[in-house]
Each structure stands twice: as C-alpha cells, then as structure tokens.
Amino acid sequence: MKSVEVYILSGFLGAGKTTLLQNILTQEKQLERKIAVIMNELGEVSIDSNAIPEETPLKELLNGCVCCTIQGQLEVQLENMLREFELDAIYIETTGVAHPIEVLDACMSPLFAEKLSIQGIITIIDANRWKDRSHLSIQLRKLLIEQVQHADIVLLNKIDQLKEAEQANIVSEVQSLNTNGKLLMTEFANVPLSQLRNYHVTSKSPHQKTHVHQHLHMRSFVHTFSKPIDLDAFEQFLKEMPDTIYRIKGYIRFTHSDKPFLFQYSYGMPLYMKEQMNRKNTLVFIGENLNHQVLETTLLQLERHSNDS
Ligand SMILES: Nc1nc2c(ncn2[C@@H]2O[C@H](COP(=O)(O)OP(=O)(O)OP(=O)(O)O)[C@@H](O)[C@H]2O)c(=O)[nH]1
C-alpha cells in the first residue's frame, strides 16, 4: 500500500495559510491527485472551510488547538481520512498559534508509521508582521521564531507590502534562524507545487515543550449580528478596538448593500469581499486577553446605532 503524503501548514494568524492552501489545491487538481484537508481553528465556527472546494474531503478540528488540547482528535481524524478515502496527500492547516512540532508529533504516531509519509512543515510568514514583531508580546515573538526555526520550507509572504531594502534584511534574519530550510518569497502565497514537494522532514532539534497558549491567553470570540451594520460605524469600531485583537474573519451585512461581505482583518488591514451566497452574519475574533463582555456590549451598541433611524 502506498503511503499518503502529509504536509503541515504553519504560520501566525493571518499570514496566508488559507490562501496558500487554495493555491495548492488548484494545482493539485490540475495534477488529478486526490487530496484531503484537515483544518484546525481556535474558534467554535470555521470561516476558512468555505474556501475549500466541495469535492475535497475536509475534516475540521474546532474550538481548540491541535498542538495541545485536541492532539488526540487529530489522530482520530487522520485515521478516519485513511479509512474513508484513497488519497495521495493530506494537508493540515494549523491554527495561527500552533506549535508545528507538536502537530508533527501527533502525525508521527506509530499508528501511522506505514500509512503516512510526512513531507514536512511549511511555515508562512507575514513579512510585515515579522518586520514589526517587536510590538508583539515576548511569547508571541517566541512562537513566530519557533514556527520559522522548525520549518522545512519558509514562505516569506506579503512581500508586496515591503520595500526592497527591507526584504534583504528579513531574508537574512530568517536564514540565520533556519539554516537547513528552504526560503521562498511570495505574494498571495503564490508558489509552484514543485517547490513544495519532495521535501522530507529533517531531524528536529528538541524544543521546550511550553504550552504557548497558556501563556498567551489567546482566545477566540464569536459574534453574530442579527441586523445589517453601518460601514462607517464599523470602521470606527475597528480603529478603536484593542490592538490585541490580531485577527477577525467572517461574514457581515452592511446597511448600504443587499449582499453579505466576507470580511478579513489581519494586522490592521481590513478586506471586504462581496459574497454571492447567503451567509450567517458571524464574525470570529482572535486575540490575546480578549474581554468578551466588553466586546459583546460594543458590538451590540454598534448594531443598535446602525439601525437607529
Ligand atoms: N497584501 C497581501 N495580502 C495577502 C497576501 N497573502 C494573503 N493576503 C491576505 O491576508 C489575509 C489573511 O490571509 P489568510 O490566507 O486567510 O491567512 P491565514 O493564515 O489562513 O489566517 P488564519 O487562518 O486566521 O490564521 C487575507 O485577507 C488575504 O487575502 C499577500 O501576499 N499580500
């Protein structure tokens, strides 16, 4: 029986893991390979799963991080995948705060020794965030560095947002942290599959098994609006919200349009994309030390204010 290739996609919140996965799936489809995806999200709802084509087998691990609280569930899902489908490869998209080595550990269970062939860890970095990482907490900086150090391939993404001189600096920083890995620079995670395949896991140096999240207090918060929101008021909310909210994603309906929008926010940058399908107006917030009560009250006020006439 041939073994199924496994790729682990790692990288901080909003770095471009889902964008990368979409690019990969398009290319894999052209090669007519049978692919499955395992997606792990910190929150209780998954927004990214809508980005995966319907014909691709998908298992979701929600409401916890695969590298600690739900490691056992990853093993179960891998087993289910192998039982249910004839596959060429499985891509595992980890949460933005996962420690890739612990995800690797879960895949290396003796249960799968003959069935899985672990191809490696692909870490994607948001080049801008990397440049400004001194603004992050020590724990987050440490996590970013470890995601780079343990990667077999590092994609330095969002280089469209960097000046050329900055690129050279970041390249040498990343190379000095990971001398064995391969470094590629990307825009919108655009990379030929041939550059990502045929990489085998190098022996990993031991790492301190710190449960980063316990120190980070990284939390997710989900809110569903029942009515449309005023765009200006929403943008004002984004400006005023705590800067420890690193990531927002979901669907939102505005008063000026009858179509919902897919909303993405990472590292201060909002992005709105009109959706054709009807979606529940649910946003997922991910951040450190989120005060759920304050956030809930503010969002309810925003909804009331948007609908006062
Ligand atoms: N300007 C720019 N934006 C990008 C690039 N790559 C991705 N993005 C945008 O960055 C945002 C986050 O990208 P995702 O692919 O969802 O990031 P992610 O790592 O899957 O995010 P999480 O799952 O929340 O951790 C989206 O709005 C993307 O369109 C890039 O190279 N340049």
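What counts as what
Residues numbered from 1 in each chain as written. Predicted model: local features only at pLDDT ≥ 70, side-chain atom pairs only at ≥ 80, totals over all residues. UniProt positions renumbered as here; feature names shortened; annotations may be inferred. Helix = DSSP H or I, 4+ residues; strand = E, 2+ residues; numbered from the N terminus. Buried ≥ 20, exposed ≤ 12 C-beta atoms within 10 Å, placed from the backbone. Contact = placed C-beta atoms within 7 Å. Pairing = 2+ DSSP bridges. pLDDT = per-residue confidence, 0-100. Domains from an automatic or database assignment. Nonpolar A, V, L, I, M, F, W, Y, C, P; charged D, E, K, R; others polar. Axes fitted to C-alpha atoms, helices over the stretch in contact; angles between N-to-C directions. Parallel < 35°, antiparallel > 145°, perpendicular 65-115°, else oblique. Left-handed = near helix turned anticlockwise from the far one by under 90°. Near = placed C-beta within 6 Å. Core = buried A, V, L, I, M, F, W, Y, C linked by C-beta atoms within 7 Å.

- Among the UniProt annotations of the protein chain, the heading Catalytic activity (unreviewed entry) holds the following wording: "GTP + H2O = GDP + phosphate + H(+)".

### With respect to the overall build of the protein chain
Here is step 1: Assigned secondary structure in the protein chain consists of 10 helices and 12 strands.
Here is step 2: Counting every position in the protein chain, which comprises 309 residues, the buried fraction comes to 39%.
Here is step 3: Across the protein chain, the fraction of contacts at a sequence separation of at least 24, relative to all contacts at a separation of at least 6, is 77%.

### Topic: the pairing of strand β5 (residues 116–126)
Here is step 1: The element β5 is largely enclosed, with a buried count of nine among its 11 residues.
Here is step 2: Alignment of strand β1 (residues 4–10) against β5, held across seven bridges, turns out to be parallel. Its bridge partner lying in β5, Val6 is registered against Ile118.
Here is step 3: Relative to strand β6 (residues 153–157), β5 is paired through five bridges, and the arrangement is parallel. Looking across to β6, one finds that Thr123 is bridged to Val154.

### Focus on the confidence of the model for the protein chain
Here is step 1: With 88% of its residues at a pLDDT of 70 or more, the protein chain shows a mean pLDDT of 85.
Here is step 2: Taken together, the stretch residues 205–216 has pLDDT below 50 and engages in 17 contacts with residues farther than four places along the chain or on a different chain.
Here is step 3: For this predicted complex, the interface confidence comes out at an ipTM of 0.98, alongside a pTM of 0.79.

### Observations concerning the domain arrangement of the protein chain
Here is step 1: Assigned domains within the protein chain: domain 1 (4–212) and domain 2 (217–306).
Here is step 2: Counting residues at the interface gives 13 residues for domain 1, matched by 13 residues for domain 2.
Here is step 3: Looking at side-chain class alone, the side of domain 1 that touches domain 2 contains five nonpolar, five polar and three charged residues.

### Points about unusual backbone geometry
Here is step 1: Of note in this structure, Lys158 is not a glycine but carries a positive phi near 65 degrees.
Here is step 2: By C-beta crowding, Lys158 is classed as buried, having 26 other C-beta atoms within 10 Å.
Here is step 3: Of note, the phi angle at Ala189 is positive, near 50 degrees, even though the residue is not glycine.
Here is step 4: What makes Ala189 buried here is the crowd of 23 C-beta atoms within 10 Å.

### Focus: the packing of helix α9 (residues 231–240) against helix α10 (residues 292–306)
Here is step 1: In contact at an axis separation of 9 Å, α9 and α10 are set at 155 degrees when each is read in the N-to-C sense. Put simply, α9 runs roughly antiparallel to α10. Where α9 crosses over α10, the handedness of that crossing is right-handed. Between α9 and α10, the contacting residues are Ala233, Phe234 and Phe237 on the first element and Thr298, Leu302, His305 and Ser306 on the second.

### A short note on the site of the ligand
Here is step 1: In the neighbourhood of the ligand, 22 residues make up the surrounding shell, with Lys17, Thr18, Thr19, Gly96 and Gln264 lying closest.
Here is step 2: The class makeup of the residues in the shell around the ligand is five nonpolar, 10 polar and seven charged.
Here is step 3: Taken together, domain 1 (4–212) and domain 2 (217–306) each give at least three residues to the shell around the ligand, which thus spans both.

### Some words on the nonpolar core
Here is step 1: In terms of nonpolar packing, the biggest core is built from 67 residues, with Ile8, Tyr91, Ile122, Ile125 and Leu155 touching the most fellow members.
Here is step 2: The residues that make up this core include at least three from each of domain 1 (4–212) and domain 2 (217–306).
Here is step 3: The residues contacting Leu155, other than those within four sequence positions of it, are Leu20, Ile122, Ile124, Ile125, Leu184, Thr186, Ala189 and Val191.

### Some points on the sheet that holds strand β7 (residues 182–185)
Here is step 1: The strand order β3-β2-β4-β1-β5-β6-β7 describes an open sheet built from seven strands, whose pairing is parallel. The open sheet terminates on both sides in strands that have one partner only, identified here as β3 (58–61) and β7. Across the sheet, the axes of successive neighbouring strands diverge by a mean angle of 20 degrees, strand direction being ignored.
Here is step 2: Strands β1, β2 (35–40), β4 (89–93), β5 and β6 of the sheet are contacted by helix α1 (residues 17–30), whose axis makes an angle of about 165 degrees with β4.
Here is step 3: Here helix α3 (residues 100–107) sits on the sheet and contacts β1, β4 and β5; the angle it forms with β5, its principal contact strand, is near 165 degrees.

### Things to note about the environment of Val222
Here is step 1: Mapping Val222 onto the fold places it in strand β8 (residues 218–224).
Here is step 2: Judged by local crowding, Val222 falls into the partly exposed class, with 15 C-beta atoms found within 10 Å.
Here is step 3: Linking Val222 and Ile286, residues 64 residues apart in sequence, is a C-alpha distance of 8.9 Å.

### As for the pairing of β2
Here is step 1: Burial analysis of β2 places six of its six residues in the buried class, which makes it a mostly covered element.
Here is step 2: Of the two faces of β2, both are covered, the one formed by Ile35, Val37 and Met39 as well as the one formed by Ala36, Ile38 and Asn40.
Here is step 3: Taken together, the five bridges between β2 and β4 define a ladder with parallel strand orientation. Note that in β4 the partner of Val37 across the bridge is Tyr91.
Here is step 4: Of the pairings in the sheet, the one linking β2 to β3 comprises four bridges and is parallel in character. Paired with Met39 across the bridge in β3 is Glu60.

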